[in-house]
Amino acid sequence: MPRKKTREKTLTCFLFTLPALVLYTMFLVFPVSQGFIYSFMDWSGLSKPHDFVGLKNYAALFTDRRIMNSFLFTFRYALILVVVILLFATTLALILHQVIKGKQRTFFRSVFFFPAVLSAITVGMTWNEILYRVIPAIGTSLGIERLSVNILGDPKLAIYGLLVIHIWQGMAIPFVLILSGLQNIPSELYEAASIDGASPFQAFYRITIPFLLPVMNVVFVLVLKSGIMVYDYISATTGGGPANSTESIAVLIYQLSFRSLKMSYALALSIVALSVIILVSVLQMKASSRVEVEQL
Amino acid sequence: MFKKTLSVMMSLLLIVCVLAGCSSGTANGDTSGTAAPSASAQPQDTAAGEKTEVEFFNQKPEISKTLGTIIADFQKANPNITVKETVVADSDQVLVSRMASHDIPDIFVIWPNESWFQMVDAGYCMDLTGKEFLGNIQKSALDPFLRDGKNYVVPISYNTMGIWYNVDMYQKAGVEIPKTWDELMANCEKLKAAGLTPFVTSAQTASHSREVGQAFLASMPNYDTFIGDANNATMDVTKPYGADLNRLAEIMHSMIENSQPDVMGMSYDQSFSDFGTGKGAMLVDGSWAYPSITAANAEIKLGFFPIPGDDANNIMATAYPGDFSISVSSETKKSDATLKFVSYLTTKEAAGYYAQNDGSMSCVAAVDYVPEHLKYQQSIIASGKYKLNPDVFWVTAACDAFGTACQNLYISGDTKAFAAEVQTAFNDNNKK
């Protein structure tokens, strides 16, 4: 009887997803909900949770200059990161997909993916050495004054030093995702397009992009989140300095919660950051949904 | 057939890995931020014959080896007690989280300062007032950390701040330990003439800039008034210490001028390796840097002297009896065993062994060991000419703001703006 079979099938599917659902609830849903509730209190993070203070923490956020500066820095950082990584990763993936074939492709794919397996702190510390010892040596011999010192030590240029480090490692996974996305596009479409007299640019715009958009959505959200929550590279190098010029939202959350012991305030900041990420992601997906090709 | 065997073997391997991961609990090297609380499963203090396990939460991984020997000796003399050392990454966060979830380690390493006072006020630290082993500790080490007249911490060793110098480089340039800052500047000229960089300075982070900057404060003639006002967030630079701060800004600026080219770009770790490998003759830092400098170069001949001011007769060192200090959990269920180990750490054998291997000065009265490189510094401290570390009563926001003020001084070179920025740093942040 079909109805019984469907119910059995649904139950089996549900049971298979149950472990993942339980873990997800325990380690994500529950702590985030708890954090959300604590953000309405005045808890220090150390003492017993205190009184309910309503929206006081949220109101204070928007008048706090240090927090506003961290928002400006973080959004600027995330915007540049997303644009550069999407551009570079797509370009690299296109080159590897169309120009390089066979064993060479496998080799380069491994080489470009390698940064993803390193820990962020290791990458940060290694790049700190490169930016302090190697780049200035090159800059001095070429006579470029700005590059003769560690750019992480300059309040105006430190953001670019951090972006270099982040892009070096952050490009790896998007690159692999976009490459596999490219490999899923049916090649007959390109043949048909060239027969119909389409230019390479038109083929890219009309075929590649619509098929790539689902992957790009995923990549966009991943990179946006890693940009807005950047912490490891900053903590391994500038610590938020020099002179608070690289204090991202995540660094500030850490400072407020574990150093200044203002946990509820930090939680309110986290919730605001979370809301921004959700909002931007939803807007981006809605905008691209009209153009992308359904993959299912 | 092969595929089936392979998949069965892989599944077994996966299950074994999962079980192994679950059972390792809070063993050494656990890098996850939130270990599952095990408070409910702690065994009670048992009668003789049963083994009791005491957890020692160590926030100083560099002393782990030394501590291991001390623990082994203790366990030999006390076969019923096992001391388990826990070392984790981001230990400060883990400790705060564990306290909030009432899973406080039986003993934990802590640096007594404003954050620690909050832990005391929240009731997480055991009141140790009147315990016999406190008599082993120098009174001058205990007094700064009393809270409402009670003891909540056991200080074991001192650290001190000042200037490390490379003895060989000093001899090469023919210079001696300076008694005033002007003499130090003259030394710098001689060092430069001998082709040597006078200072190695790291100012990449606000926190290390604060550590270096605060080492200069004790040389101010009106330091006592300054620190009182700074701690109470009532600073006023029209008072005499305002002029002292201006002079301090000039002094710190001249140190930067005599350092390696890229001060803002050098990290703290890089300063150890550069100073250790002879790229500069002097390093302003604390005595805790000894293991890190010698790790970069075990052959280096080191000396240490306090930062000189303008008065040769009033040289002040900075000392902090909290370099290695421990507090006990107020909620421990094994207080007998725990206090036994704490008491052992204050004995001449344990504390003496620690001092020799850490290269530090002991707070334990019976230990008279002083490492060679600290003998001169120790003579100044012993004569009473020292101030407590300035940041003991600063909240972290004030510490960070002071560090940022130092960084701004180094970047801009504006020695006139420093005093006002320091005032804002303390008055805005140190309110309690």
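Residues numbered from 1 in each chain as written. Chains lettered and ligands numbered in written order. Predicted model: local features only at pLDDT ≥ 70, side-chain atom pairs only at ≥ 80, totals over all residues. Heavy atoms only, no water.

## A word on the packing of aromatic side chains
Residues and elements named next belong to chain B. As enumerated under the stated definition, the model contains 35 aromatic pairs over all chains in all. An angle of 15° between the planes, with centres 6.5 Å apart, marks the rings of Trp181 and Phe199 as stacked. Of the two residues, Trp181 is situated in helix H7 (residues 181-193) and Phe199 in the loop between H7 and helix H8 (206-217); the sequence distance between them amounts to 18 residues. Summarising the burial analysis for this pair, Trp181 and Phe199 share the class buried. Seen in terms of ring centroids, Trp181 and Phe216 are 5.8 Å apart; in terms of plane orientation they differ by 65°. Their pairing is edge-to-face. Linking Trp181 in helix H7 with Phe216 in helix H8, this pair joins segments that are 35 residues apart in sequence. (Phe/Tyr/Trp six-rings, centres within 6.5 Å; stacked < 30°, edge-to-face > 60°. Helix = DSSP H or I, 4+ residues; strand = E, 2+ residues; numbered from the N terminus. Buried < 20%, exposed > 50% of the residue type's maximum accessible area, 1.4 Å probe, protein only.)

## Regarding the pairing of strand S4 (residues 154-166) of chain B
Residues and elements named next belong to chain B. Among the 13 residues of S4, 13 are classified as buried, and the element is accordingly described as predominantly covered. Summarising the sheet, S4 and strand S7 (residues 317-328) pair through six bridges and their orientation is antiparallel. For Met161, the partnering residue across the bridge sits in S7 and is Thr318. Pairing of S4 with strand S8 (residues 361-362) involves two bridges; the strand directions are antiparallel. Paired with Tyr158 across the strands is Met361, a residue of S8. Bridge analysis of S4 against strand S5 (residues 282-286) gives five bridges, and the strand direction is antiparallel. Bridging across to S5, Gly162 finds its partner in Asp285. (Pairing = 2+ DSSP bridges.)

## Describing helix H6 (residues 158-170) of chain A
Residues and elements named next belong to chain A. For H6, built from 13 residues, the straight-helix expectation of 18 Å at 1.5 Å per residue is met to within 8% by its first-to-last C-alpha distance of 18 Å. Along H6, 10 of the 13 residues are buried, which leaves the element largely enclosed by surrounding structure. Those residues of H6 that fall on the buried side of the exposure criterion are Ala158, Ile159, Gly161, Leu162, Leu163, Ile165, His166, Ile167, Gln169 and Gly170. If you follow the buried residues of H6, they end up packed against helix H3 (65-98), helix H5 (120-142), helix H7 (172-183), helix H9 (200-228) and helix H10 (232-236). (Expected span 1.5 Å × (residues − 1). Contact = heavy atoms within 4.5 Å.)

## A closer look at the interface of chain B and chain A
On the side of chain A, 29 residues touch chain B, which itself brings 31 residues to the contact. Summed over both sides, the interface between chain B and chain A buries roughly 2,400 Å², with carbon and sulfur atoms accounting for 50% of that surface. Applying the counting rule to chain B against chain A returns two salt bridges. The salt bridge involving Arg259 of chain A is made with Asp400 of chain B; its shortest N-O contact spans 2.8 Å. If you look at where chain B meets chain A, you find 13 residue pairs in polar contact (both at pLDDT 80 or more). Those elements that provide at least two residues to the side of chain B that touches chain A are helix H3 (91-100), helix H4 (114-121), helix H11 (268-276) and helix H16 (396-412) of chain B. Counting residues per element, the side of chain B that touches chain A draws most heavily on H16 of chain B, which supplies seven residues. Taken together, the residues of the side of chain B that touches chain A break down into 10 nonpolar, 16 polar and five charged. (Buried area = accessible area lost by both parts, 1.4 Å probe. Salt bridge = Lys/Arg side-chain N within 4 Å of Asp/Glu carboxyl O. Polar contact = N/O pair within 3.5 Å; in protein donor to acceptor, adjacent residues only side chain to side chain. Nonpolar A, V, L, I, M, F, W, Y, C, P; charged D, E, K, R; others polar.)

## Description of the packing of helix H10 (residues 240-257) of chain B against helix H17 (residues 418-429) of chain B
All names here are of chain B. Where H10 contacts H17, the two axes come as close as 8 Å, and the packing angle between them is 115°. Judged on the interaxial angle alone, H17 and H10 are roughly perpendicular. Crossing handedness for the pair H10 and H17: right-handed. Contacts between H10 and H17 pair Gly242, Leu245, Asn246, Ala249 and Met252 from the former with Phe418, Ala419 and Val422 from the latter. Residues belonging to the contact of H10 with H17 are distributed by class as follows: six nonpolar, two polar and no charged. (Axes fitted to C-alpha atoms, helices over the stretch in contact; angles between N-to-C directions. Parallel < 35°, antiparallel > 145°, perpendicular 65-115°, else oblique. Left-handed = near helix turned anticlockwise from the far one by under 90°.)

## Brief notes about empty space enclosed by the protein
To find the voids left in a structure, one rolls a probe of water-molecule size over its atoms. Residues and elements named next belong to chain B. This structure, assessed with the given rule, holds two cavities of 30 Å³ or more. Lining the largest cavity are Val200, Thr201, Ser202, His208, Val212, Met255, Ser271, Leu283 and Val284. Tallied by class, the residues present in the lining of the largest cavity amount to five nonpolar, four polar and no charged. (1 Å grid on protein atoms, 1.4 Å probe; cavity = no way out; pocket = protein on both sides within 12 Å on 5 of 7 lines; lining within 4 Å. Points joined across faces, edges and corners; volume = space filled by probe spheres on them.)

## Observations regarding the confidence of the model for chain B
Residues and elements named next belong to chain B. The share of residues in chain B with pLDDT of 70 or more is 93%, and the mean pLDDT across the chain is 89. Taken as a whole, residues 24-46 scores under 50 in pLDDT and shows 31 contacts with residues more than four places along the chain or in a different chain. The complex model carries a pTM of 0.84, and its ipTM stands at 0.82. (pLDDT = per-residue confidence, 0-100.)

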